[in-house]
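# Working through the structure, step by step
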Amino acid sequence: MNSTDEHPDEVTLALVLYLPENTGDDTNYPTPDDASMRPKVPLKLKLVASQAVGEADSFGDGYDTAANPDDAPVSLLMAPADKNKIPLADMKIKSGVLEGVSDSFTGSVLSVPEGVKSISAYSFDGVAGIEKIVLPNSVTLIDDSAFQKMPDLKEVVIGRAGNTGTIQLNSSVFYSEPMLESVIINGNIKTYDSGHYMYSDSASIVFYRSPKLKYIEINGNAEFDEYNFSNISEETATGCTVVFGGDVTNTMSNALFCSSNVTEVHFGAGRVSGNMFNEFYSDSGNGPQVKKIVFDAVPATKLDDSFVYGLQGVLTTVEVVDLSAWQAAGQPAALGGITVTQAP
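Values in this document were obtained by computation on a predicted structure and should not be read as measured data.

Moving on: the overall build of the protein. Helix and strand counts for the protein stand at one helix and 26 strands. Expressed as a percentage of its 344 residues, the buried residues of the protein come to 41%. Partitioning the contacts of the protein with sequence separation of at least 6, the portion at a separation of at least 24 is 58%. Approximately 17900 Å² of the protein is accessible, and the part contributed by carbon and sulfur atoms is 51%.

Quick look at the sheet that holds strand β17 (residues 215–219) now. Two orientations exist for strands paired in a sheet by backbone hydrogen bonds: parallel and antiparallel. The 11 strands are arranged β7-β9-β11-β14-β17-β19-β21-β23-β24-β26-β25 in an open sheet whose pairing can be described as mixed. Edge strands, defined here as strands with exactly one partner in the open sheet, are β7 (109–111) and β25 (334–335). One ladder, built from two bridges, connects β25 with strand β26 (residues 338–342); its direction is antiparallel. Residue pairing in the sheet places leucine 335 in a bridge with isoleucine 338 of β26.

This brings us to the pattern of salt bridges. For the structure on display, the rule yields four salt bridges. Linking glutamate 155 and lysine 132 is a salt bridge whose minimum nitrogen-to-oxygen distance equals 3.8 Å. One end of the pair, glutamate 155, is in strand β11 (residues 155–158); the other, lysine 132, is in strand β9 (residues 132–135), and 23 residues separate them in sequence. Looking at glutamate 155, the relative accessible area reads 30%, which means it is partly exposed. Among the salt bridges present, the one from lysine 292 reaches glutamate 319, with a minimum N-O distance of 3.7 Å.

Reading the values: rules and limits
Residues numbered from 1 in each chain as written. Predicted model: local features only at pLDDT ≥ 70, side-chain atom pairs only at ≥ 80, totals over all residues. Heavy atoms only, no water. Helix = DSSP H or I, 4+ residues; strand = E, 2+ residues; numbered from the N terminus. Buried < 20%, exposed > 50% of the residue type's maximum accessible area, 1.4 Å probe, protein only. Contact = heavy atoms within 4.5 Å. Areas by Shrake-Rupley, 256 points an atom, 1.4 Å probe, with all protein chains shown as cover. Pairing = 2+ DSSP bridges. Salt bridge = Lys/Arg side-chain N within 4 Å of Asp/Glu carboxyl O.

Quick look at the structure:
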């Protein structure tokens, strides 16, 4: 409840309704676009418009008497439930840990409720039928291979816009996803090699062998421990774009983008440190494929040619959104022999 400065006696009321969890099920009717068939919840309220004393207008003092006649009671019109969402009853949640879904689950969108803190290892390994995963801000850990080899998974959204929490991604979280196209992470991330894959080709790799993966966006600071974008796709030449919104740190000696078909990388205003690109596999023709780097803002780190080491003969374009700000910050006119230009 609050009052306005102009009319101190005027108040605004907010009505919050807590409905039973199964209320939405009542709206799963055959014709969701037919408003006449939507169930209504009568609120037993009557709306009355009023005006402040002495506020002159041409309507007179009685114009609000018919604002809400008795034959037009206020009701809450229920919107159709999303039939694609997997029911909460089908999710296996124990002590804040999501351990999978029931064998007979229905729906194609896994929208995990707020309060779940982690996704257990292998919990969705090979699970078919799920096309989209949405995780809340409360999730802080996605364990080893949690979502690997899901044949129908196309889209993943982790956290809501503005999330400032940190999510730890363990080994091979997104491993061998044949249909995955987009991953958006709202929040800070930290990758961690739990040791499970210490002696295999997929050590520390989060995004691995997903031939249709075209877009990864991380809206926060990112701390990696090498190889996280290795072999995103070996089966196709379709390029993938990676967008960083905050600091990007690689804590290990091996490169972040090593043997990867990521073709475009965007950096924000954060700090950039560690080995980003590496030509370790270049002799075999399987080195990093980053052809374009875009700075959406001037990074906090002063860059030099070492930043693009490993992209010799591959990198063709370096762009900045604000070239004048780039120059004013003393950033180089070229990186690795490629002139820095104004983004269109």
